[in-house]
Amino acid sequence: MSQNTLVQQQTIVAHDEHDERHQGAVTKPIYQNSLFTFNSYTTFLASMKEEINASVYSRGTNPTVSELEMRLAKLEGGDRARCFASGMAAISSAVLSAVNTGGHIVCVDEAYGPAVQFMGTYLQKFDIETTFVNGTSLKEIEGAIRDNTKLIYLESPSSMFFSLQDISAIAALAKSRGITTIVDNTWATPCYQSPLALGIDLVVHSLTKYVSGHSDSIGGVIVGRAELMNPLIKNEYLLLGGIMTPATANLIMRGLRTLPLRMEKFQSQGLTVAGWLEKHPLVKKVNHPLLPSHPQHELAATQMRGGGSLFSFETEVTVETMRKWAERLNYFRIGVSWGGYESLVVVNPISDYKPEREGTLVRLFIGLEDTNELIADLQSSFEAIIEQSMYPMID
Ligand SMILES: *Cc1c(COP(=O)(O)O)cnc(C)c1O
């Protein structure tokens, strides 16, 4: 399967063929319609039969949404992509397509919170059990596999601690046991990581983040081989109905046009700020897979071609003080999500995610502002808490 370079990817997202149906309009008009009508029963019935490919009704196949799907499939190196109303709609549909009643899931314990809740709690009502594992340990993953394991769910890098899973090794292991694999590829984007080429069955994304890129839309996608995607489209996509609207697809397509360009910039912005933070005396550890200090830096270099600008750091300064530090920041706004143009910060106790550990986890999203100004902003907020001796250490 293909692993396009950033330059080739830029062509995939930038080039449209001339389309005479639209008078050569440089962007295609939005198909803002719920249904498609026919003047022949033969085509109507044929289209109904082929609803996963033909436009009949916009809960099925809408050309504006299909356009985005076609590009995402190309970027990920998959046969088919389907867009959903949100990343979670894509994740829950992908998971449901892979499991059945009484089945078992192995999931990395650092996966996106609502995904963990969906597999670990919600699916219990269908007698589906999930074992959460430390994704850095192939042994632990292998040990968790049971006779009824149907799915191994990965998120590499994870989006709070940024630890990796060895994608090809896990894919090979799963294949040998007939287990489906899913990777959440939101952080690296198709620009920097190609899980399908590493042997993974289905890739999911929250398009809300980097792909959309402008903090103005919510969406998700599943990409994979036709043999897995076709039944998924007939079932989880059409029956659960968590579709992406044409208006949203158009917005996300606009974001996608510049994804490779933006990712290159995000990567350098993120590394500049992460590298600076690493030297700060109040920072104990920076979690960013592209820093040489990351314990899985070598694995990162083998399975990723680059990365994003969302990372975290750990400090012994209390959560309360770091929240004051965050409030003092000028450029970093307090908020969840990420992937837009604006820098963001969230501060939480590490024990929220890892009950056995103490300390404070600060997650930063580095936006597109001047990194000199971002660093000066972080520095002046650190100085303020130091001056006011507002940093009682956790012992
Ligand atoms: C945001 C996010 C999701 C969920 O996406 P939504 O579009 O918010 O539903 C899934 N995985 C990761 C890694 C995310 O950051």
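Rules and cut-offs
- Sequence order sets the numbering: in each chain, residues are counted from 1 along the sequence as written.
- The predicted nature of this model means local features are confined to residues of pLDDT at least 70 and side-chain atom pairs, given and counted, to a pLDDT of 80 or more, with totals for whole chains, interfaces and linings taken over all residues.
- Side-chain descriptors were evaluated using all non-hydrogen atoms of the structure, hydrogens and water having been removed beforehand.
- What fixes the domain bounds is an automatic or database domain assignment.
- Defined in terms of a 1.4 Å probe, buried area is the accessible area two parts forfeit on being brought together, summed over both.
- One side-chain nitrogen of Lys or Arg within 4 Å of one carboxyl oxygen of Asp or Glu is enough to make a salt bridge.
- For two strands to be treated as a pair, DSSP must find no fewer than two bridges joining them.
- Where helices and strands are cited, they refer to DSSP runs of H or I of at least four residues and of E of at least two residues respectively, numbered from the N terminus.
- Whether two residues touch is decided by their heavy atoms; if any such pair falls within 4.5 Å, the residues are in contact.
- Lines fitted to C-alpha atoms define the axes here, with helix axes fitted over just the stretch in contact, and angles between the N-to-C directions of these axes take values from 0 to 180 degrees.
- Residue burial is assigned from relative accessible area. The probe radius is 1.4 Å, only protein chains are included, and a residue is buried under 20% of its type maximum, exposed over 50%, and partly exposed in between.
- The handedness rule is simple: strands pointing away from the viewer, and a clockwise path from the first strand over the helix to the second, make the crossover right-handed.
- Two rings from Phe, Tyr or Trp (for Trp, the six-membered ring) form a pair when their centres sit within 6.5 Å of each other. Planes less than 30 degrees apart are called stacked, planes more than 60 degrees apart edge-to-face, and all others tilted.
- Two thresholds decide whether a charge sits over a ring: the Lys NZ or Arg CZ must be within 6 Å of the ring centre and within 35 degrees of the ring normal.
- Side-chain atoms alone can form a polar contact between residues adjacent in sequence; in general such a contact is a pair of N or O atoms within 3.5 Å, and within protein one must be able to donate a hydrogen while the other accepts it.
- Relative orientations are named as follows: roughly parallel for angles under 35 degrees, roughly antiparallel for angles over 145 degrees, roughly perpendicular for angles from 65 to 115 degrees, and oblique for any other angle.
- Residue polarity follows a fixed list, in which Ala, Val, Leu, Ile, Met, Phe, Trp, Tyr, Cys and Pro are nonpolar, Asp, Glu, Lys and Arg are charged, and the others, Gly among them, are polar.

A common measure of how large an interface is: the accessible area buried when the components associate. Examined at the domain level, the protein chain breaks down into domain 1 (3–256) and domain 2 (259–387). The straight-line distance from the C-alpha centre of domain 1 to that of domain 2 is 28 Å. Around 3,300 Å² of area is buried between domain 1 and domain 2 when both sides are counted, 62% of it from carbon and sulfur atoms. In this structure, K354 engages E110 in a salt bridge whose closest nitrogen and oxygen atoms are separated by 2.7 Å.

Ordered by their spatial adjacency, five strands build an open sheet running β8-β9-β12-β11-β10, and the pairing between neighbours is mixed. Pairing within the sheet leaves two strands with one partner each, and these edge strands are β8 (285–287) and β10 (333–334). With six bridges joining them, strand β11 (residues 344–349) and strand β12 (residues 360–365) adopt antiparallel strand pairing. Within the sheet, the bridge partner assigned to V345 lies in β12 and is L364. Against the sheet, helix α13 (residues 319–328) touches β9 (310–315), β10, β11 and β12, its axis set at about 170° to β11.

With five of five residues buried, strand β5 (residues 180–184) lies mostly within the body of the structure. On β5, burial covers both faces: T180, I182 and D184 on one face and T181 and V183 on the other are all buried. This β-α-β element, strand β4 (residues 149–155) to helix α7 (residues 167–176) to β5, shows right-handed connectivity.

What follows covers unusual backbone geometry. Residues S156 and P157 are joined by a peptide bond in cis, for which omega reads -10°. Take P157: it is sitting in the loop between β4 and α7. The phi dihedral of T189 falls on the positive side, at around 65°, and the residue is not glycine. Summarising the element assignment, T189 is placed in helix α8 (residues 189–192). With relative accessibility at 1%, the residue T189 sits in the buried group. A positive phi angle is found at S337, which is not glycine, with a value near 60°. Accessibility expressed as a relative area gives 30% for S337, which makes it partly exposed.

Overall, the coordinates contain 14 salt bridges when judged by the stated rule. Residues K28 and E67 are paired through a salt bridge, measuring 3.5 Å at the closest nitrogen-oxygen approach. With K28 in the loop between α1 (6–14) and α2 (41–49) and E67 in helix α3 (residues 63–76), this pair connects stretches of sequence that are 39 residues apart. By relative accessible area, K28 is classed as partly exposed at 27%. In this structure E67 comes out as buried when scored by relative accessible area, which is 18%. The salt bridge involving E69 is made with R82; its shortest N-O contact spans 3.6 Å. Note that E69 is positioned in helix α3 and R82 in strand β1 (residues 80–84), a separation of 13 residues in sequence.

The final tally for this structure, using the stated rule, is 14 aromatic pairs. Aromatic pair F313 and W325: ring centres 5.8 Å apart, planes at 90°, arrangement edge-to-face. In this pair, F313 sits in strand β9 while W325 sits in helix α13, placing the two residues twelve residues apart along the sequence. Its relative accessible area of 0% is what places F313 among the buried residues. A centroid spacing of 5.1 Å and a plane angle of 40° characterise the contact between W325 and F382, whose relative ring orientation is tilted. One end of the pair, W325, is in helix α13; the other, F382, is in helix α14 (residues 371–387), with 57 residues separating them in the sequence. Taken together, Y210, F266, W338 and F365 form an aromatic cluster joined through their ring pairs. The positively charged end of R82 is found above the aromatic ring belonging to Y237, 4.8 Å away from the centroid. Seen from the ring of F161, K354 lies directly overhead, with NZ or CZ sitting 4.9 Å from the centre.

The two faces of a sheet get side chains in turn, since along a regular strand they alternate between them. Among the six residues of β11, five are classified as buried, and the element is accordingly described as predominantly covered. Taken together, the two bridges between β10 and β11 define a ladder with parallel strand orientation. For I334, the partnering residue across the bridge sits in β11 and is V345.

Assignment of secondary structure puts Q165 in the loop between β4 and α7. Among the polar contacts made by the side chain of Q165, one reaches the main-chain carbonyl oxygen of E155 at a distance of 2.7 Å. Residues within four places of Q165 in sequence aside, it is in contact with V108, G135, L154, E155, S156, I170, L299 and Q303.

Here we come to the packing of α1 against α3. Where α1 meets α3, the closest approach of the two axes is 10 Å, and the angle between their N-to-C directions is 170°. Classified by the angle their axes make, α1 and α3 are roughly antiparallel. The segment α1 lies against α3, with Q9, I12 and V13 engaging R71, K74 and L75. Here the contact of α1 with α3 is built from residues that sort into three nonpolar, one polar and two charged.

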